[in-house]
Amino acid sequence: MLVQLVLGFLIFLSIGACDSRDAGPLYAAWRVEIVDPASGVVHVHGEIPVMVGTTTLALQFRDLKRHPQALLALTARSGGRELVVDHITEDADATHRIDVTGIVDPVVIEYTINPTFFPPGGSEKYPSDARSRVVDGVGVVRTGSLLPTMTDGNRNARVSFSLPADWVAVTPWRSVDTGVFTIPASEWGQVDYLGLGPFETLELPMGKDIVRIGVLGVDSEIDVDAVAGLLEFHRELAGSPPVDPGPRTVLLVPQKFMRGGAAGARSTVQIADAGVLAHELLHWWVHSDLTTAEAKWFTEGFTNYYGILAAQEVGLLSQDEVTECFADLNAEMRYLERDRPRSLQQVSEGYTREARSRRLVYSKGTLFAELLERELRLQDRALSEFMRAVLTESRAGLNNKDLRETLANVYGNLADARFIANVIAGEALPDMGFGPATGRSGCARYLPEHGDQPFEREREP
Ligand SMILES: [Zn+2]
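A pair of packed helices is captured by two measures, namely the crossing angle of their axes and the spacing between those axes. Running from N to C, helix α9 (residues 400–411) and helix α10 (residues 416–424) point in directions that differ by 160°, and their axes come no closer than 10 Å. In terms of orientation, α9 lies roughly antiparallel with respect to α10. For the pair α9 and α10, the crossing hand works out as right-handed. From α9, Asn400, Leu403, Arg404 and Leu407 reach across to α10, where they touch Asp416, Phe419, Ile420, Val423 and Ile424.

Taken together, the protein ligands of the zinc ion are His279 (NE2), His283 (NE2) and Glu300 (OE), with distances of 2.0 Å. Mapping the donors of the zinc ion onto the primary sequence yields the spacing H-x3-H-x16-E. Highlighted residues: His283 in the loop between α3 (274–282) and α4 (296–313) and Glu300 in helix α4, separated in sequence by 17 residues. Glu300 matches His283 in its accessibility class, with the two residues each being buried.

A few words on the packing of aromatic side chains. One pass over the structure, following the stated rule, counts 16 aromatic pairs. Centre to centre, the rings of Trp297 and Phe368 are 5.8 Å apart; their planes meet at 85°, and the pair counts as edge-to-face. Residue Trp297 is found in helix α4, and its partner Phe368 is found in helix α7 (residues 355–377); the two are separated by 71 residues along the sequence. With respect to burial, Trp297 and Phe368 carry one shared label: buried. Chaining the aromatic ring pairs together yields one cluster made of Trp297, Phe298, Phe302, Phe368, Phe386 and Phe419. For the cation-ring pair, Arg248 lies above Trp284, with the distance from its terminal atom to the ring centre recorded as 4.7 Å. Over the face of the ring belonging to Tyr351 we find Lys296, whose NZ or CZ atom lies 4.9 Å from the ring centre.

Segmenting the chain into domains produces domain 1 (1–193), domain 2 (199–283) and domain 3 (293–450). The centre of domain 2, based on its C-alpha atoms, is set 23 Å off from the matching centre of domain 3. On the side of domain 3, 20 residues touch domain 2, which itself brings 20 residues to the contact. For the pair domain 2 and domain 3, the two sides together bury roughly 1700 Å², of which 71% comes from carbon and sulfur. Per-residue buried area on domain 2 facing domain 3 is highest for Phe233, Leu237 and His279; these three make up 33% of the total on that side. Taken together, the links from domain 2 to domain 3 amount to zero salt bridges. For the side of domain 2 that touches domain 3, the secondary-structure elements that each account for two or more residues are α2 (224–238) and α3.

Spatial ordering of the open sheet is given by β9-β10-β16-β13, a layout of four strands whose pairing is antiparallel. Pairing within the sheet leaves two strands with one partner each, and these edge strands are β9 (133–135) and β13 (168–170). Strand-to-strand, the axes of this sheet are offset by a mean angle of 15°, without reference to chain direction. In this sheet, strand β16 (residues 193–197) lies alongside β13 in antiparallel orientation, the contact comprising three bridges. From the neighbouring strand, Val168 faces β16, where its bridge partner is Gly197.

Here we take up the sheet that holds strand β6 (residues 85–88). Ordered in space as β6-β7-β3-β11, the four strands form an open sheet in which the pairing is antiparallel. Since the sheet does not close on itself, it has two edges, and those belong to β6 and β11 (149–150), each with one partner. The pairing of β6 with strand β7 (residues 95–99) spans four bridges and is antiparallel. In the strand pairing of β7, Ile88 is matched with Thr95.

Following the criterion strictly, the structure yields 18 salt bridges and no others. Between Glu187 and Arg174 there is a salt bridge, with its nearest N and O atoms 3.4 Å apart. Placement of the pair is Glu187 in the loop between β15 (180–183) and β16 and Arg174 in strand β14 (residues 174–177), with a sequence separation of 13 residues. Among the residues examined, Glu187 registers a relative accessible area of 14% and is labelled buried. Residues Lys364 and Glu337 are paired through a salt bridge, measuring 2.8 Å at the closest nitrogen-oxygen approach. Taken as a pair, Lys364 in helix α7 and Glu337 in the loop between α5 (319–336) and α6 (344–349) lie far apart in primary sequence, 27 residues in all.

Cut-offs applied
- Along each chain, numbering runs from 1 in the same order as the chain's sequence is written.
- At least 70 in pLDDT is required for a residue's local features to be given in this predicted model, at least 80 for side-chain atom pairs to be given and counted, and no such filter applies to totals for whole chains, interfaces and linings, which use all residues.
- Excluded from the side-chain calculations are hydrogens and water; all other atoms, namely the structure's heavy atoms, are used.
- Only the contacting stretch of a helix is used when fitting its axis, a line to C-alpha atoms as for every element, and angles between N-to-C directions run 0 to 180 degrees.
- Helix numbering and strand numbering both begin at the N terminus, where a helix is a DSSP run of H or I of at least 4 residues and a strand a DSSP run of E of at least 2.
- Geometric relationships in this document are graded by angle, where less than 35 degrees denotes roughly parallel, more than 145 denotes roughly antiparallel, 65 to 115 denotes roughly perpendicular, and other angles denote oblique.
- Crossing handedness: left-handed means the near helix sits turned counterclockwise from the far one by under a right angle, and right-handed means the same turn made clockwise.
- Contact definition: two residues touch when any of their heavy atoms are within 4.5 Å.
- Coordinating donors are taken as N, O and S atoms within 2.8 Å of the metal, stretched to 3.2 Å for Na, K and Ca; because water is absent from the atoms, sites can appear incomplete.
- Each residue gets one of three labels from its accessible area relative to the maximum for its type: buried under 20%, exposed over 50%, partly exposed in between, using a 1.4 Å probe on protein chains only.
- In this analysis, rings of Phe, Tyr and Trp, with Trp reduced to its six-membered ring, are considered paired at centre separations within 6.5 Å, and the interplanar angle assigns stacked below 30 degrees, edge-to-face beyond 60, and tilted for intermediate values.
- Counted as over-ring charges are cases with an Arg CZ or a Lys NZ within 6 Å of the ring centre that also lie within 35 degrees of the ring normal.
- For every domain, the bounds stem from an assignment made automatically or drawn from a database.
- Accessible surface is computed with a 1.4 Å probe, and the buried area is the amount of it that two parts give up when combined, taken over both parts together.
- Salt bridge, as used here, is a side-chain nitrogen of Lys or Arg placed within 4 Å of a carboxyl oxygen of Asp or Glu.
- Any two strands with at least two DSSP-identified bridges between them are counted as paired.

Following this line, the structure appears as structure tokens:
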């Protein structure tokens, strides 16, 4: 692969700007520039080679569909000539089409964009709900909120950064030179989180690759060994390394900047909380397209469960803290189901639209895993057998029928009645003997004493 990249780079250099229509890998060169972080916007300059026979260059901004106004200006030119850009932001694609008929020279794109992104359930009222934004002092930017894919085929890319003094770019990309990164066409368009700011960086070898840990403004017991321990736990659980090879990044940021965390294909960003970090890291195996929407309880609930266990295993959570976390999740589940219990399938389907369903995916999903584990243990079995069976093969789009089949393949009918009762039918989970909620664990967002207002963790004095 490296030979191919280097060769591609040489070909690019040798053909220069005179004829990019030759065969061979084509490189798009992107420069990401932040001049005034407090403005929240990023300026991007791209030089895109045009492929033979192309008449339209279509740039698609993945996250713009929901807020097309974030793209402040986009111009295109080639060989000194201004090109006409069709801004089609109203359609489902948020695509910008450029007529390149007869164009030989690379197309030079310039735009200014606000890369702020809120996940389902995030509210613009609370800036720290955002999973991508640039502020005075730091930026965490989601690739899908910054850079476009090309609908006629992605090119290999080189990305460089022009940032304020003392800022560095922490990315999950291969770096060829300080501050210059290469991304193969096959990985372009993958969603990842880039850390831009005065990050302190640590490096952790992982097989042939490296995990870059970027820490900014947090004082935490999470160090290289802790990240290594969590990754080892997950690798054991899955029975294999994460699917995507390549460098990775782990960004630790202050809670006032980001509440919670997020995972990309080879990156995570989160507060310096052991449970949240362990959860996000496990998404490198339990990624969001592993299941369909109806089985979100697995990708989020089971990830949450094993995140808690992993954090305990490496000594970042004590047994008491784990018990406190389960008690808070249990109280949250009982509160959200106070009128009637819901099936895991039903809450999974409501995940993107409704806060109650979304939180039940986490709280009930986590406790369902703990319940299955307890019931399997009585039969001298373990839930990890099921996890490994699901994660061993690289699969996507699993629905509840597929998961039930895997469960039956692993345990016969030992767990089938439990699956039916709580995934398909909306039975309440039995009382599992957790103590009263304290609200201190940070695991729950809703508790009766706070009513229908999501609350932040109550800090110990
Ligand atoms: Zn998650």
